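One-letter residues, chain by chain:
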Amino acid sequence: MRWIGITGSMGSGKSTVSEVLRTRGFAVLDADRMAHLTLSPGSPGEAEVFKIFGEVVMGTDGNLDRRALAAVVFNNKTELARLEALIHPMVREAIAQMRADLVQQGNAVAFYDVPLLFEKSMQSQFDSIWVVTSPQVARLQRLKDRSSLTAGEVEERTRHHVPEAEKVRQASVVIQNNGSLEDLIRAIDQALSTQGLTLPAATKPQRS
């Protein structure tokens with residue numbers, strides 16, 4: 001099974017690209033979603049976070065306050081490393097099992113949306129890497145529209161990220177998200193064609 005990584009800077013449109021691929025019938029796994037699930041209410045991951053960081057990251061409902069956790073770790077490299085040491089092995093194990101299941105099901109290709117693909121030096125794990133790019137102004141506007149992050153918080157979270165130009169240099173495919181949704185869909189379809197990836201049988205147009 002071909003294993004393709006999808007990545008890009010915050011707000012570039014990775015999630016939209018992933019969703020378009022899903023509508024095309026492709027299997028797309030999501031690192032952020034899996035990390036979120038590992039810290040869901042009542043999970044072992046949440047319990048471990050409370051042990052490490054204490055009540056300062058606990059909300060009034062007794063569940064994890066993710067914004068409070070972010071405030072702790074994104075201003076402290078040591079604390080961030082402690083959190084990642086907890087979450088990343090859980091995510092890797094879950095994704096490995098899901099990938100094995102996809103192989104067993106006979107999938108010819110699957111995508112993995114990984115925001116920190118380059119930052120975590122995961123390049124060698126993939127058969128090819130798609131990098132989604134977008135102008136900085138557009139990226140910041142998307143982040144503003146979909147979250148409550150301030151410009152300062154965005155800057156702090158991306159301060160140690162690999163520059164977009166370097167991601168593009170190492171990419172197998174570059175998806176430019178600098179126009180309409182229709183433009184983006186055309187770019188994705190072009191990338192699929194260039195990579196020789198055909199739509200899964202269930203989504204191919206049926207002959208009359």
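In the block above lies the structure referred to throughout.
Predicted model only: the values in this text are computed from it and were never measured. (Residues numbered from 1 in each chain as written. Predicted model: local features only at pLDDT ≥ 70, side-chain atom pairs only at ≥ 80, totals over all residues. Heavy atoms only, no water.)

**Let's talk about the nonpolar core**
As a rule of thumb, nonpolar side chains are buried together in soluble globular proteins.
Line of reasoning, step 1. Membership of the largest hydrophobic core comes to 28 residues, with the highest contact counts inside it found for Val49, Leu69, Tyr112 and Phe126.
Line of reasoning, step 2. Those elements that provide at least two residues to this core are β2 (27-30), α2 (31-38), α3 (44-53), α4 (66-73), α5 (77-104), β3 (109-113) and β4 (128-133).
Line of reasoning, step 3. Counting residues per element, this core draws most heavily on α5, which supplies 6 residues.
Line of reasoning, step 4. With residues up to four places along the chain from it excluded, the contact list for Leu69 reads Leu39, Val49, Phe53, Val57, Leu64 and Leu83.
Line of reasoning, step 5. Counting 18 residues, the second largest nonpolar core, distinct from the first, contains Leu21, Val28, Val173 and Ile175. (Core = buried A, V, L, I, M, F, W, Y, C linked by side-chain atoms within 4.5 Å. Buried < 20%, exposed > 50% of the residue type's maximum accessible area, 1.4 Å probe, protein only. Helix = DSSP H or I, 4+ residues; strand = E, 2+ residues; numbered from the N terminus. Contact = heavy atoms within 4.5 Å.)

**Let's talk about the sheet that holds strand β5 (residues 173-176)**
Sheet strands pair via backbone hydrogen bonds, and the direction of the pair is either parallel or antiparallel.
Line of reasoning, step 1. Strand order across the open sheet formed by 5 strands is β2-β3-β1-β4-β5, with parallel pairing between neighbours. Edge positions in the sheet fall to β2 and β5, since each has one partner strand and no second. The average undirected angle you get between the axes of adjacent strands in this sheet is 25 degrees.
Line of reasoning, step 2. Bridge count for β4 against β5 is 4 bridges, and the pairing is parallel. What sits directly across from Val132, in β5, is Ile175.
Line of reasoning, step 3. Where α2 meets the sheet, its contacts fall on β2 and β3, and the angle it forms with β2 comes to roughly 50 degrees.
Line of reasoning, step 4. Relative to β5, helix α9 (residues 181-194) is tilted by about 165 degrees, and along the sheet it contacts β3, β4 and β5. (Pairing = 2+ DSSP bridges. Axes fitted to C-alpha atoms, helices over the stretch in contact; angles between N-to-C directions.)

**Digging into the side chain of Ser18**
Line of reasoning, step 1. With respect to the element layout, Ser18 can be found in helix α1 (residues 14-23).
Line of reasoning, step 2. Given the relative accessible area of 1%, Ser18 is considered buried.

**Some details on α2**
Line of reasoning, step 1. Where α2 is concerned, the buried positions are Ala31, Met34 and Thr38. Take α2 and look down its axis: the buried residues cluster within an arc of 65 degrees, on one side only.
Line of reasoning, step 2. Against the buried residues of α2 lie β2, α3, α5 and β3.
Line of reasoning, step 3. One side-chain oxygen of the residue at the start of α2 lies 2.9 Å from the amide nitrogen of Asp32, identifying that residue as Asp30. (Arc of directions from axis to C-beta. Polar contact = N/O pair within 3.5 Å; in protein donor to acceptor, adjacent residues only side chain to side chain.)

None of the figures reported here should be taken as evidence of function without further support.
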